[in-house]
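One letter stands for each residue in the lines below.
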Amino acid sequence: MDKNVSKFRVFWDSAGMLLVFAVLFILCSLRVDHFLSAKNMEGLLLSVATTGTIACTMLFCLASGAFDLSVGSVVACAGVVTALVINRTGSITLGIAAGLGLGLLVGLVNGLLIAKAGINALIATLATMQIVRGLGYIVSGGKSVGIVNEGFFVLGNKVVIAIPAGTNPFSHQPEYLNITTPVLVCLACFGLFGFLISRTTFGRNTLALGGNAEAARLAGISIDRLKIMIFSLQGLVAAAAGIVLCSQLTSGQPKTSEGLELEVISACVLGGVSLTGGVGKMSHVVAGVLIMGTVQNAMNLSNVDSFWQYVARGLILLAAVSVDRLKQRGTGR
Amino acid sequence: MPTRLAFDSVVKEFPGVRALDGVSFTAEGGQVHALMGENGAGKSTLLKILSGAYSPTAGSLEIDGQRHVFPSTAAAIAAGVAVIYQELFLVPEMTVAENLYLGHLPARGGVIKGRQLREDARRQLAWIGEDIDPDTKVSYLPIAQRQLIEIAKALTRGARVIAFDEPTSSLSSREVDRLFTIIRDLRARGHVILYVTHRMDEVFALCDAVTVLRDGRHIKTFDGMAGLTVDDVIRSMVGRDLKNVFNYTPRPHGGPALEVEAVTGPGLTAPASFSVAKGEIVGMFGLVGAGRSELLRLIYGAERRTGGQVRIEGRPLPAAGPRGSIEAGLVLCPEDRKRDGIVPVRSVAENINISARRHHATAGFVLDRGWERANAASHIASLSIKTPSAATQIVYLSGGNQQKVILARWLSENVKVILLDEPTRGIDVGAKSEIYAIIQQLAARGVGVLFVSSELPEVLGLADRILVMRGGALSGALARGEAGESAVLKCALPVSG
């Protein structure tokens, strides 16, 4: 048993997967046509925005030793509710408030079920996942809800920053890498929740809860309140991502984001967040989300059959979990 | 012909501990042989080696001249050994008959022969004098009957060596009589009966020989009960030389720091009342299961109190919630460090700062990283915690250093009363005396200390006053001067009736 924390181990624990991403990114740039083009980079960033935003709070769920399966359903349902309320009232503010309110409510219910009723997180969030998915279909009548108020579309589509990216070889017009609001929302979440997990009592208490719940309780941490806060935040952030997605799609879609919860959890675990709790950093989440997104993007560009993409994603997840197991064995537990 | 069981220089080592140190003695068939010793003397380890649950580090045992080292419990069962533990190993949702023949159900081609099973079971039950329907589910039966079924189960497997681990702890006196009748029957058949107990009255009522273990060593075997007194046995149980590792120095005591008034709750059989003064060290002794940890957890609020009151320097605490206790200056170092104390995957610094950091965080939640570093570093230095760095995961530290980290956690708070549950369990001698020193420094600063220990010398050497618990209630309070080993032990040992 190596008692000394080697420099390499410290580096690898926090930034190892970012390094893996960097290598992957360089390989894709060299080997995959059009990968580095401005259009593709735009698409890549946009495709990871939703996963990345939700992964920020999933980091807290996982770090506390639990997880939340209801996020995909919350994304869809919050979008539908927002669309319906905007159409009904004509107010964008009311619509967004309704969507966020729904997310917060679902999160609060999850938190109460887990903390107060003592129901296992798998079962509690599996139940709310289905309930909320069902409610989304019920209120929308199973169809997508188009939004008439175009002012709302700004949220998901506005180009906030345009980075010059050379000129088009054919038209000789300047090209730009457009950064839209969903990407900025995701970046803001990376910053905010990264700060919360590593620099605040809330974050450290979450890690202690996941590392040893009873020890955390006896050390004076109110673990029930903490769990409720974590799940409420998760619901709120999933709803926010759902509203942004709804704006991006210009409609509330009850079918969207099925299986998103597993994508988010796989990304976190791939990046190095421990499934058993107590270990997790924002750098893990960023790396996991980017690796997943890049692999997906490269497979699309290389015309990999979509059936094979499922197989590949499963294999990557399996590899990630094996790494988690090996790490645990490393700590001799 | 009676069976004969002999232990031959049995050694069992765990990392850092020698639980059994060359134990040799013989138990003759046709006798009930008592096995006695304080907590941690090695009785349970010896039973586990007999049952095949542990493999000995060295040595062996002999049944009827045949040498054995059981690699598994199955091997021990095959050799005719049965150990009947306090917690019974029956499957509650299966029938009595199924439990009796579990693992060797009569069957043809995998199909159970129901009639034969029932008849065999009835015969076994009749032998132990029980009129139980073999088709009854075990979960419907009271504990006493389940215990008899456990005995019958041992007999269906052809057990010739039967060990009982405190079998009467949950029985009424009539049920005890019944059990004794059956044990005497087994004795008459020439079986070897090992009988582990803390109850002197049972030893003198039932047993024909007594073996005493202490600190993993065989101290003495009394081959007959004639002329033997309770004091003889107690003396050999406790008689060890007290080394001066405590460096006890008397301190002045102030007003009451902790007042416990008629506290009740799960694990207690009577309301508990006592107090600890500022600067006083109170030791609490009792056998395993006497309710000491339960009482500490109730005082701390880890478990909700159902009645009574706890006051810290005169101010009452809320009925539950460690948070409120910590705010009031009452803290607990739990017995099971691994389960209740440390957060294993987090760093040493994190484990030290986990509680006190809230006083130093900006706006109540943004960590003051300067304070975090400084606080961890100063405690690592002042308590000489041996760790490669403050960032090392705490699981890599030795037990003694983990305990010091937990002490550091509470020294970072404004502590008025500290509760320590077995503060030196599983800790090597060197670290022990360091922890004794820290405890005395705390008391010298005016902190009220209440510590629970199963080690009598520790209680006698460190405490200004000794409280004793027995069967879920306080059974004695002795001042440092008047407390001898046997006086304390007499308060702690159960009286039946």
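Residues numbered from 1 in each chain as written. Chains lettered and ligands numbered in written order. Predicted model: local features only at pLDDT ≥ 70, side-chain atom pairs only at ≥ 80, totals over all residues. Heavy atoms only, no water.

Caption draft 1: Main features of the sheet that holds strand E21 (residues 465–470) of chain B. Residues and elements named next belong to chain B. Strand order in this open sheet of six strands is E18-E19-E20-E15-E21-E22, and the pairing throughout is mixed. A strand with exactly one partner marks an edge of an open sheet, and here the two such strands are strand E18 (330–333) and strand E22 (473–479). In this sheet, adjacent strand axes meet at a mean angle of 20 degrees when their direction is disregarded. Looking at chain direction, strand E19 (residues 417–421) and strand E20 (residues 448–452) are connected through five bridges and run parallel. Among the inter-strand pairings, Val417 is bridged to a residue of E20, identified as Gly448. Contacts between helix H9 (residues 292–300) and the sheet are confined to strand E15 (281–285), E18, E19, E20 and E21, with E19 contributing the most and set at about 150 degrees to the helix. Of the strands in this sheet, E18 and E19 touch helix H14 (residues 399–411), which is tilted by about 170 degrees from E18. (Pairing = 2+ DSSP bridges. Helix = DSSP H or I, 4+ residues; strand = E, 2+ residues; numbered from the N terminus. Axes fitted to C-alpha atoms, helices over the stretch in contact; angles between N-to-C directions. Contact = heavy atoms within 4.5 Å.)

Caption draft 2: Quick look at the packing of helix H8 (residues 201–211) of chain A against helix H10 (residues 223–249) of chain A. Residues and elements named next belong to chain A. Put simply, H8 and H10 touch, their axes get as near as 11 Å, and they point 110 degrees apart. The orientation of H8 relative to H10 falls into the category roughly perpendicular. Here Phe202, Asn205, Thr206 and Leu209 of H8 lie close against H10, whose contacting residues are Ile223, Leu226, Lys227, Met229, Ile230 and Leu233. (Parallel < 35°, antiparallel > 145°, perpendicular 65-115°, else oblique.)

Caption draft 3: Inspection of helix H2 (residues 38–63) of chain A at higher detail. All names here are of chain A. Between its first and last C-alpha, H2 extends 35 Å over 26 residues, near the 38 Å set by a 1.5 Å rise per residue. Most of H2 sits inside the fold, with 21 of its 26 residues counted as buried. Phi for Gly65, located one or two positions after H2, is positive at around 90 degrees. (Expected span 1.5 Å × (residues − 1). Buried < 20%, exposed > 50% of the residue type's maximum accessible area, 1.4 Å probe, protein only.)

Caption draft 4: Local environment of the pairing of strand E3 (residues 31–36) of chain B. Residue and element names in this part refer to chain B. Of all six residues that make up E3, five are buried, and the element is covered over most of its length. Relative to strand E10 (residues 192–196), E3 is paired through five bridges, and the arrangement is parallel. If you follow Ala34 over to E10, its bridge partner there is Tyr195.

Caption draft 5: Up close: the sheet that holds strand E16 (residues 307–312) of chain B. Residue and element names in this part refer to chain B. Overall, antiparallel pairing links the four strands, which are arranged E14-E13-E16-E17 in an open sheet. Strands at the two margins of the open sheet, each flanked by one partner only, are strand E14 (272–277) and strand E17 (315–316). Both strand E13 (residues 256–264) and E14 contribute to a ladder of five bridges, which runs antiparallel. Among the inter-strand pairings, Pro256 is bridged to a residue of E14, identified as Ala277. Set on the sheet, H9 makes contact with E13, E14 and E16; between it and E13 the angle comes to about 110 degrees.

Caption draft 6: Quick peek at the side chain of Arg204 of chain A. Along the polypeptide, Arg204 of chain A turns up in helix H8. Filtering out sequence-adjacent residues up to four positions away, Arg204 of chain A remains in contact with Ile197 and Ser198 of chain A together with Arg346, Glu350, Arg357, Leu367 and Glu372 of chain B.

Caption draft 7: Geometry of the packing of aromatic side chains. Tallied over the full model, the rule gives nine aromatic pairs over all chains. On the basis of an interplanar angle of 65 degrees and a centroid distance of 5.3 Å, the ring pair of Phe25 of chain A and Phe35 of chain A is categorised as edge-to-face. With Phe25 of chain A in helix H1 (residues 7–31) and Phe35 of chain A in the loop between H1 and H2, this residue pair connects regions lying 10 residues apart in the sequence. Using a relative accessible area of 0% as the deciding quantity, one classes Phe35 of chain A as buried. Three or more aromatic residues joined by ring pairs make a cluster, and in this case those are Phe21, Phe25 and Phe35 of chain A. The ring of Tyr54 of chain B has Lys12 of chain B lying over it, and the distance from NZ or CZ to the ring centre is 5.4 Å. The positively charged end of Arg480 of chain B is found above the aromatic ring belonging to Tyr248 of chain B, 3.4 Å away from the centroid. (Phe/Tyr/Trp six-rings, centres within 6.5 Å; stacked < 30°, edge-to-face > 60°. Lys NZ or Arg CZ within 6 Å of the ring centre and 35° of its normal.)

Caption draft 8: Structural context of the pairing of strand E9 (residues 161–165) of chain B. All names here are of chain B. Here E9 lies mainly inside the structure; five of its five residues are buried. The two faces of E9 match: Val161, Ala163 and Asp165 on one face and Ile162 and Phe164 on the other face are all buried. Both strand E6 (residues 81–84) and E9 contribute to a ladder of four bridges, which runs parallel. Directly across from Val83, in E9, lies its bridge partner Ala163. Bridge count for E9 against E10 is five bridges, and the pairing is parallel. From the neighbouring strand, Asp165 faces E10, where its bridge partner is Val196. For the segment spanning E9, helix H6 (residues 173–188) and E10, crossover handedness is right-handed. (Right-handed = clockwise from strand over helix to strand, strands pointing away.)

Caption draft 9: Broad picture of the interface of chain A and chain B. Each side of the interface is counted separately: chain A has 31 residues, and chain B has 36 residues. Roughly 2,700 Å² is buried in total at the junction of chain A and chain B, and carbon and sulfur atoms are behind 58% of that figure. Here chain A and chain B share two salt bridges between them. Elements with a minimum of two residues in the side of chain A that touches chain B: helix H7 (181–199), H8 and helix H9 (213–218) of chain A. If one sorts the elements of the side of chain A that touches chain B by residue count, H8 of chain A sits on top with six residues. (Buried area = accessible area lost by both parts, 1.4 Å probe. Salt bridge = Lys/Arg side-chain N within 4 Å of Asp/Glu carboxyl O.)

Caption draft 10: The arrangement of the packing of helix H3 (residues 71–89) of chain A against H10 of chain A in detail. Residues and elements named next belong to chain A. Across the interface, H3 lies against H10 with an axial gap of 7 Å and an inter-helix angle of 55 degrees. Relative to H10, the element H3 is oriented oblique. Of the two possible hands of crossing, H3 and H10 adopt the one that is right-handed. In this structure, H3 uses Val71, Val74, Val75, Ala78, Gly79, Thr82 and Ala83 to contact H10, whose residues at the interface are Gln234, Gly235, Ala238, Ala239, Gly242, Ile243, Leu245 and Cys246. Class assignment of the residues belonging to the contact of H3 with H10 gives a composition of 10 nonpolar, five polar and no charged. (Left-handed = near helix turned anticlockwise from the far one by under 90°. Nonpolar A, V, L, I, M, F, W, Y, C, P; charged D, E, K, R; others polar.)

Caption draft 11: Inspection of the environment of Leu44 of chain A at higher detail. Residue and element names in this part refer to chain A. Turning to its location among the elements, Leu44 is positioned in helix H2. In the structure, Leu44 is positioned 134 residues away from Asn178 in sequence and 11 Å away in space, judged by C-alpha atoms. The contact partners of Leu44, leaving out residues within four places of it in the chain, are Phe35, Gly293, Thr294 and Asn297.

Caption draft 12: Inspection of the side chain of Thr50 of chain A at higher detail. Residues and elements named next belong to chain A. Within the element layout of this structure, Thr50 appears in helix H2. For Thr50, a relative accessible area of 14% corresponds to the buried category. Contact partners of Thr50, with chain neighbours within four places excluded, come to Ala241, Leu245 and Leu260.

Caption draft 13: Up close: the nonpolar core. If you look at the biggest cluster of nonpolar residues, it comprises 130 residues, and the most contacted ones within it are Leu258, Phe274, Ile299, Ile418, Leu419 and Leu450 of chain B. Split by domain, the residues of this core number at least three in each of domain 1 (4–238) and domain 2 (256–492) of chain B. Excluding anything up to four places from it in sequence, Leu450 of chain B contacts Leu258, Phe274, Val276, Val282, Met284, Leu296, Ile299, Ile418, Leu419 and Leu420 of chain B. Membership of the second largest hydrophobic core comes to 76 residues, among which are Leu102, Val237, Leu245 and Leu260 of chain A. (Core = buried A, V, L, I, M, F, W, Y, C linked by side-chain atoms within 4.5 Å. Domains from an automatic or database assignment.)

Caption draft 14: Region of interest: the domain arrangement of chain B. Residue and element names in this part refer to chain B. Partitioning chain B into structural domains gives domain 1 (4–238) and domain 2 (256–492). For domain 1 versus domain 2, the distance between C-alpha centres works out to 36 Å. Opposite the seven residues of domain 1 that make contact, domain 2 presents 10 residues. Buried area between domain 1 and domain 2, summed over both chains or domains, comes out near 740 Å², and the portion from carbon and sulfur atoms is 64%. Taken together, the links from domain 1 to domain 2 amount to one salt bridge. Residue Lys490 pairs with Asp231 through a salt bridge whose shortest N-O separation is 3.8 Å. For the side of domain 1 that touches domain 2, the residue count by class is three nonpolar, two polar and two charged.

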